[in-house]
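# Chain and residue survey
What follows is the residue order along each chain.
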Amino acid sequence: MAATETAVLGGGCFWCLEAVYREIRGVSQVVSGYCGGAVEAPDYHAVCEGRTGHAEVVQITFDPAVVSFRQLLEVFFVIHDPTTLNRQGNDVGTQYRSVIFAQNPTQHAEAAALIGELRAAGAFADPIVTELAGAERFWAAEDYHQDYLARNGHQPYCQLVVSPKLAKFRARFAALRAA
């Protein structure tokens, strides 16, 4: 059995990130959840109201022999706007912040290096505000949030927000898609 690693990323609504990362080869599991707050066992309503300090995140289990942490980050920086503080589109609040919860020192160093490269290259017109944090307790979101796009693709939010991000990923990262 191959060794796996875990990445925890927040870039707005977890439904968007989950839909994209589920399509990447080498990713065996994507779980929507919450990380970075001060409340034990947060629930969706408390997180959405901004009362817990948690960010909506995805926990990604991946095989680093197939897809690297850096590749996961390269996707991350394309599918969300890392220059808007506590906001992604119409989703506003600290729960929608751009954040990388590095699970170990190597991930922290890789994330910091990529952020530095993107800044140096002027990849974005505005400054990158992505928070680089250490590992914190991850709480899985309620069952109805898991695999949300596949189960709710007809909903307007999925059609107007999630699906375009998935299409952007598919166009830009075809080589990373699972067969």
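Residues numbered from 1 in each chain as written. Predicted model: local features only at pLDDT ≥ 70, side-chain atom pairs only at ≥ 80, totals over all residues. Heavy atoms only, no water.

## Points about the overall build of the chain
If you tally the helices and strands in the chain, you get 6 helices and 8 strands. The principal-axis extent of the C-alpha atoms belonging to the chain is close to 35 × 35 × 35 Å. Here the chain holds 179 residues, and 47% of them are scored as buried. Per element, the accessible surface of the chain, about 8,400 Å² overall, is 53% carbon and sulfur. The centroid of the 14 positive side-chain charges in the chain is displaced by 6 Å from the centroid of its 19 negative side-chain charges. (Helix = DSSP H or I, 4+ residues; strand = E, 2+ residues; numbered from the N terminus. Buried < 20%, exposed > 50% of the residue type's maximum accessible area, 1.4 Å probe, protein only. Areas by Shrake-Rupley, 256 points an atom, 1.4 Å probe, with all protein chains shown as cover. Lys, Arg positive; Asp, Glu negative; His and termini not counted. Charge placed at Lys NZ, Arg CZ, Asp CG, Glu CD.)

## Some remarks on helix 3 (residues 69-79)
Within helix 3, 8 of the 11 residues are buried, leaving the element largely enclosed by the surrounding structure. Taken together, the buried positions of helix 3 are F69, L72, L73, V75, F76, F77, V78 and I79.

## Some remarks on the pairing of strand 6 (residues 98-102)
By the criterion of burial, strand 6 is predominantly enclosed, with 5 of the 5 residues buried. The alternating pattern of strand 6 places S98, I100 and A102 on one face and V99 and F101 on the opposite face, and all of these are buried. For strand 6 and strand 7 (residues 131-134), the ladder comprises 4 bridges, and the chain directions are parallel. Note that in strand 7 the partner of F101 across the bridge is A133. Read from strand 6 through helix 4 (residues 105-121) to strand 7, the crossover connection turns out right-handed. (Pairing = 2+ DSSP bridges. Right-handed = clockwise from strand over helix to strand, strands pointing away.)

## A short note on the nonpolar core
In terms of nonpolar packing, the biggest core is built from 44 residues, with Y21, I24, I60, L72, V75 and I100 touching the most fellow members. Examining the composition of this core, we find that 8 residues originate from one element, helix 3, more than from any other. If we ignore the near neighbours within four places in the chain, the residues touching Y21 are L9, V27, V30, V58, I60, L72, V75, F76 and I79. (Core = buried A, V, L, I, M, F, W, Y, C linked by side-chain atoms within 4.5 Å. Contact = heavy atoms within 4.5 Å.)

## Some thoughts on the sheet that holds strand 6
In any sheet, the strands associate via hydrogen bonds between backbone groups, in a parallel or an antiparallel arrangement. The sheet built from 6 strands is open, its strands ordered 7-6-1-3-2-8 with mixed pairing. Each edge of the open sheet is held by one strand with a lone partner, namely strand 7 and strand 8 (138-140). Between one strand and the next, the sheet's axes are offset by a mean angle of 35°, whatever the strand orientation. (Axes fitted to C-alpha atoms, helices over the stretch in contact; angles between N-to-C directions.)

## Considerations on the pattern of salt bridges
Proximity of charged atoms lets side chains of opposite charge pair with each other. All told, the structure shown has 9 salt bridges when counted by the stated rule. Note that R170 is salt-bridged to E23, the shortest N-O span being 2.3 Å. Placement of the pair is R170 in helix 6 (residues 156-172) and E23 in the loop between helix 1 (14-21) and strand 2 (27-35), with a sequence separation of 147 residues. Across the pair R177 and E23 runs a salt bridge, and its minimum N-O distance is 3.1 Å. Of this pair, R177 sits in the segment after helix 6 while E23 sits in the loop between helix 1 and strand 2, placing them 154 residues apart in sequence. Shared partners join several salt bridges into a network, and the residues in it are E18, R22 and D147. (Salt bridge = Lys/Arg side-chain N within 4 Å of Asp/Glu carboxyl O.)

## So, the packing of aromatic side chains
All told, the structure shown has 8 aromatic pairs when counted by the stated rule. Ring pairing ties together the aromatic residues F14, W15, Y34, Y44, Y144, Y148 and Y157, which thus form one cluster. Here the guanidinium or amino end of R137 rests over the ring plane of W139, the centre of that ring lying 3.8 Å away. (Phe/Tyr/Trp six-rings, centres within 6.5 Å; stacked < 30°, edge-to-face > 60°. Lys NZ or Arg CZ within 6 Å of the ring centre and 35° of its normal.)

## Thoughts on the pairing of strand 2
Most of strand 2 is tucked away: 7 of the 9 residues are buried. As paired elements, strand 2 and strand 3 (residues 55-62) share 8 bridges and run antiparallel to each other. Following the sheet pairing, V31 is matched in strand 3 by Q59.

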